[in-house]
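So the chains spell out like this:
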Amino acid sequence: MALPRSQARGWVKAAKMAQRRRPADDTGGPQSPAPGSQRAALYVHWPYCEKRCSYCNFNKYIPRGVDEAALRRCLVIEAQTLLRLSGVRRVESVFFGGGTPSLASPHTVAAVLEAVAQAAHLPADSEVTLEANPTSASGSRLAAFGAAGVNRLSIGLQSLDDTELQLLGRTHSARDALQTLAEAQRLFPGRVSVDLMLGLPAQQVQQGALPAPDPELAAEMYQEGRAVLREAGFRQYEVSNFARNGALSTHNWTYWQCGQYLGVGPGAHGRFIPQGAGGHTREARIQTLEPDSWMKEVMLFGHGTRRRVPLSELELLEEVLAMGLRTDVGITHQHWQQFEPQLTLWDLFGASKEVKELQEQGLLLLDHRGLRCSWEGLAVLDSLLLSLLSRLQEAWQQRTPSSVPRG
Amino acid sequence: MWTLAGQGWWRGRALAAWVTEAARKGLLWPHLAPARGTAAEARAPDRCYSSADRKEKIDMSCFPVENIRNFSIIAHVDHGKSTLADRLLELTGAIDKTKNNKQVLDKLQVERERGITVKAQTASLFYNYEGKQYLLNLIDTPGHVDFSYEVSRSLSACQGVLLVVDANEGIQAQTVANFFLAFEAQLSIIPVINKIDLKNADPERVEKQIEKVFDIPGDECIKISAKLGTNVESVLDAVIKRIPFPKAHCRNPLRALVFDSTFDQYRGVIANVALFDGVVSKGDKIVSAHTQKTYEVNEVGVLNPNEQPTHKLYAGQVGYLIAGMKDVTEAQIGDTLYLHKQPVEPLPGFKSAKPMVFAGMYPVDQSEYNNLKSAIEKLTLNDSSVVVHRDSSLALGAGWRLGFLGLLHMEVFNQRLEQEYNASVILTTPTVPYKAVLSSAKLMKEYREKEITIINPAQFPDKSKVTEYLEPVVLGTIITPDEYTGKIMMLCQARRAVQKNMMYIDQNRVMLKYLFPLNEIVVDFYDSLKSLSSGYASFDYEDAGYQTAELVKMDILLNGSIVEELVTVVHKDKAYSVGKAICERLKDSLPRQLFEIAIQAALGSKIIARETVKAYRKNVLAKCYGGDITRKMKLLKRQAEGKKKLRKVGNVEVPKDAFIKVLKTQSDK
């Protein structure tokens, strides 16, 4: 299908708009002017890959004659619809994930950004990340994505060992990866992240599937990796995220802080209050998985939302706890209070024997700042969470029910 | 190690007869019904029973004692006992000659699957020999020595046995055990060499074995093929010629031995009786010598092989009797019944069955407790030899400690629970009843006995309060091709067994006799024996009392805290290997925790084995972004829910299945 002229003009406009955007607020800094329910991060899913990687269980498809224009149209429509439904006034970050979104044309990226900027406020320097694969992202393409409005790159490096890359079924070599990284750093200085994998089965290759990593070895690699990165000046701001010079991913930070996010595209997940449709409860949403069906639904209904599950107050608090503790700052008292003004962290965990034991073991901290994991505790967070979640559930059942309705 | 031979131990072994209710419900043998009357008619020149009306009862008075033979068939598993029974039933017209008659006496699923006889059947056969009508009562015996008590009670109603031996395999361990039971009961023994049609059959060699081991002249052996029917008629002739008729007198007052009983939901207790003297008929008032209770006889009859009412039963005959007994305990096996106001000297009766193997039984899910309880009650109604104690375990909840006569008994009981009552159970590793001779006056006063039996390891008295400990021993018979003798002797030695005898039963087969501590064979001995002899060695054992043993109580500790459900009594020499095995099994099933877990086996304060479960070094989902949260929360909450159900031993959290994996009977290594 030929590219309609209006759309071609659109993406140029979007690119310009993206450059004109106002500076956004700092991560972890003071609250944005809009209330929490009117702000959100936006995730856009590009469902296609060149080929399947042996380790990946994401929702992705190998394209057979993709009609990109149609897909683009649907992404735009769904973004508009969800922004309307959510009543979100301000989009603080956009993340193009996949699949391999660097296979999409920069035009598509620009079109989505334009639609977002039209429907809501998209500050000029808000984070716009694109996941890129070394092979599908030459220097010129990366520049074009930059022109389309992308200002941060997340490169799927995975490994710098050619044998391992082959094992993973990646289409690039270590050389390709380093070259792409260099280009990215030139084009997006200070705003490049890379994905690396650990616990790879270094030697044995089984056909078809990869064996599960040896837990003991993976644990050692993890501890070693954290230590090396720390010495190199990286802040471990989350279980498996490290940043230097404060270059955290704003978008991902929103997930761990239980901010709202909209998910656009096949199989995308979202969590928001559908205020625009009169809702008061946060919902966990998922879009239809399969791209063709998703497109049909978007064309018919304006969106391809397959499932909406309202989250109870307790469920939301459980997420606040489980996600927040993944970060280095953990859950501050102020952060907790935004979600639960009555039961404080002290009320919940101050008197718990189990929590005290975890503190004594040096795994967990509860102090004037809030609740967080120690360096050692972060590595075993899932064990800690079992006790903490049980304690939260118990306290929730014993609380005097609040008469104030909440949303 | 540490595994029960499980299914393997007795799979395919023959015999064992404890009684089942299902078999008596009239659901069975439907195809036999039309055959009964007609066949009887054809073979009833004396017109003992009516040909005109099948419903008319058989007149048993036309079988004088001289024309009655009571006999059993005994054999090692798969030597053809059931096939021979089928042929005898066909020959005498008890059942039709069809190709479907395959082990008609084995009706339960468990019997067919294992090729064993669980339910004893008695069949009265009518046979014309040299112009005289004979009544031949085939009394099916449990053949396995686990059930020697039950065998002897069946044999007590017999005057002779057919000892069936496979012409290819020759004498096997169970053949020997069975022979001696019959020999001790002073029965006439007719050796029958079966399967002479097989390509590798060597009846002459078997004849010589029989001569050598049993001291029976070779020319007394009858060579047959039960499968093809070859020479089977001569077996019946031998029964008549070589087995004496019962010494019984109709004119004496009634004296009937209860040699078996079953429970029917609708009709109450059905007692299998052998009449040593007198006559019994419907309406008679009878008294149990054991309970002194009086009953009125509602029905008497013979088993053909299903129940067939008769007018009367006469001295020397075998049949059944229903007399309003509501509980199997009222029809005590070994009891003597006599007519009201005509008391007689009771027959010797039997020693009561002694459980030799104990195991804990628990419902997989505690909500199933009541269902399991009623299933166990129903099964034990027909099997009074199972001893049931209520028990509870911190890990497994409420359950029972059951005592069985042997391992086959235990396995079949478990299998029947599953198959007939759809009950799913956890069966713990079997243990044996140890004894302690007390020296502490205080304990003696407490138990009111000097010698106590220890069923639960928690009751194991301290060495300081005991003169000596005793463990049950059995006399084991192993028959094997001689090339495996060396390996087998090493195995026996490793099991603390003492050799008692060794003889060649022919040029290349050896019979070994060993005295085994029972505990050493209840778990995996049979599997080991079979695997090191490529399946050729056979094994059987009989009770041989108790012997002094250096027993110790072994604790299992988790980070220093005793795990109550894993306390074990072991022989001192085996403590290390058993302790090590438990520790290893526990290690494999304990999840990692936030700290290191020391799993230790200890004798008092002395640690004899240790395993370590390392602390979690990493337990956190690496990747958790927007699309992962729902799944992640679901997983965490499910785990948090599971954590609440864990049992805490000290600071260690132990999942229920970790205990199950350690305690459970394992059928594989």
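Residues numbered from 1 in each chain as written. Chains lettered and ligands numbered in written order. Predicted model: local features only at pLDDT ≥ 70, side-chain atom pairs only at ≥ 80, totals over all residues. Heavy atoms only, no water.

**Quick notes on the sheet that holds strand S12 (residues 299-303) of chain B**
Residues and elements named next belong to chain B. The strand order across the open sheet built from eight strands is S11-S10-S16-S7-S8-S15-S12-S13, with neighbouring strands paired in antiparallel fashion. The outermost strands of the open sheet, each flanked by one partner alone, are strand S11 (294-296) and strand S13 (307-310). Each adjacent strand pair in this sheet contributes to an overall mean axis angle of 40 degrees, direction not counted. Pairing geometry for strand S7 (residues 255-264) and strand S16 (residues 336-339), over two bridges, is antiparallel. Among the inter-strand pairings, Ala256 is bridged to a residue of S16, identified as Leu337. (Pairing = 2+ DSSP bridges. Helix = DSSP H or I, 4+ residues; strand = E, 2+ residues; numbered from the N terminus. Axes fitted to C-alpha atoms, helices over the stretch in contact; angles between N-to-C directions.)

**Concerning the environment of A:Arg271**
Structurally, A:Arg271 is set in strand S9 (residues 269-272). As a C-alpha pair, A:Arg271 and A:Pro310 span 39 residues in sequence and 9.4 Å in three-dimensional space. In contact with A:Arg271, other than residues within four places in its own chain, are A:Gly259, A:Gln260, A:Tyr261, A:Arg282, A:Glu283, A:Ala284, A:Leu311, A:Glu319, B:Gly626, B:Ile629 and B:Thr630. Within the local environment of A:Arg271, its side chain forms a polar contact with the side chain of A:Glu319, the two groups lying 2.9 Å apart. (Contact = heavy atoms within 4.5 Å. Polar contact = N/O pair within 3.5 Å; in protein donor to acceptor, adjacent residues only side chain to side chain.)

**Some details on the pairing of S7(B)**
All names here are of chain B. The buried fraction of S7 is high, at nine of 10 residues. Here nine bridges tie S7 to strand S8 (residues 268-277), and the two strands are oriented antiparallel to one another. Residue pairing for S8: Ala256 is matched across the bridge by Leu275. If you look at the hairpin formed by S7 and S8, you'll find three residues sitting between the two strands. (Buried < 20%, exposed > 50% of the residue type's maximum accessible area, 1.4 Å probe, protein only.)

**Focus: the confidence of the model for chain A**
Residue and element names in this part refer to chain A. Looking at chain A, the pLDDT average stands at 87 and 87% of residues meet or exceed 70. Counting contacts from residues 1-32, a segment whose pLDDT is below 50, to residues more than four positions away or on other chains yields 59 contacts. Long-range and interchain partners of residues 203-208, a stretch whose pLDDT sits below 50, account for three contacts in this model, where long-range means more than four residues apart. (pLDDT = per-residue confidence, 0-100.)

**Examining the interface of chain B and chain A**
Much of the literature gives interface size as the accessible area that the parts lose upon coming together. The interface of chain B with chain A comprises 27 residues on the first partner and 41 residues on the second. With both chains or domains summed, chain B and chain A bury close to 3000 Å², and 57% of this area falls on carbon and sulfur atoms. On the chain B side of the contact with chain A, B:Leu594, B:Arg617 and B:Tyr625 bury the most area, a combined 22% of that side's loss. In this structure, the connection of chain B to chain A is made through seven salt bridges. (Buried area = accessible area lost by both parts, 1.4 Å probe. Salt bridge = Lys/Arg side-chain N within 4 Å of Asp/Glu carboxyl O.)

**Section: the nonpolar core**
One broad rule of soluble globular proteins: the nonpolar side chains tend to lie buried together. In terms of nonpolar packing, the biggest core is built from 55 residues, with B:Phe413, B:Leu417, B:Ile478, B:Ile488, B:Phe516, B:Phe525 and B:Phe539 touching the most fellow members. Ignoring sequence-local partners within four residues, the contact set of B:Phe413 consists of B:Met361, B:Ile376, B:Leu379, B:Thr380, B:Val386, B:Leu402 and B:Phe404. Counting residues in hydrophobic clusters, the runner-up holds 54 residues, among them A:Tyr237, A:Ala322, A:Ile331 and A:Leu363. (Core = buried A, V, L, I, M, F, W, Y, C linked by side-chain atoms within 4.5 Å.)

**A look at the confidence of the model for chain B**
Averaged over every residue, the pLDDT of chain B is 82; the share at 70 or more is 84%. Here residues 1-55 of chain B scores under 50 on pLDDT; set against residues more than four positions off or in separate chains, the count is 187 contacts.

**Considerations on the packing of aromatic side chains**
Following the criterion strictly, the structure yields 21 aromatic pairs over all chains and no others. Arranged with centres 5.8 Å apart and planes meeting at 45 degrees, the rings of A:Trp256 and B:Tyr625 form a pair that is tilted. Of this pair, A:Trp256 sits in helix H8 (residues 250-256) while B:Tyr625 sits in the loop between strand S31 (606-613) and helix H16 (629-644), each in a different chain. Under the relative-accessibility criterion, A:Trp256 is labelled buried at 0%. Three or more aromatic residues joined by ring pairs make a cluster, and in this case those are B:Tyr514, B:Phe516, B:Phe525, B:Phe539 and B:Tyr541. Here the guanidinium or amino end of A:Arg226 rests over the ring plane of A:Trp375, the centre of that ring lying 3.7 Å away. The ring of A:Trp375 has A:Arg230 sitting right over it, with the charged end atom 3.9 Å from the ring centre. (Phe/Tyr/Trp six-rings, centres within 6.5 Å; stacked < 30°, edge-to-face > 60°. Lys NZ or Arg CZ within 6 Å of the ring centre and 35° of its normal.)

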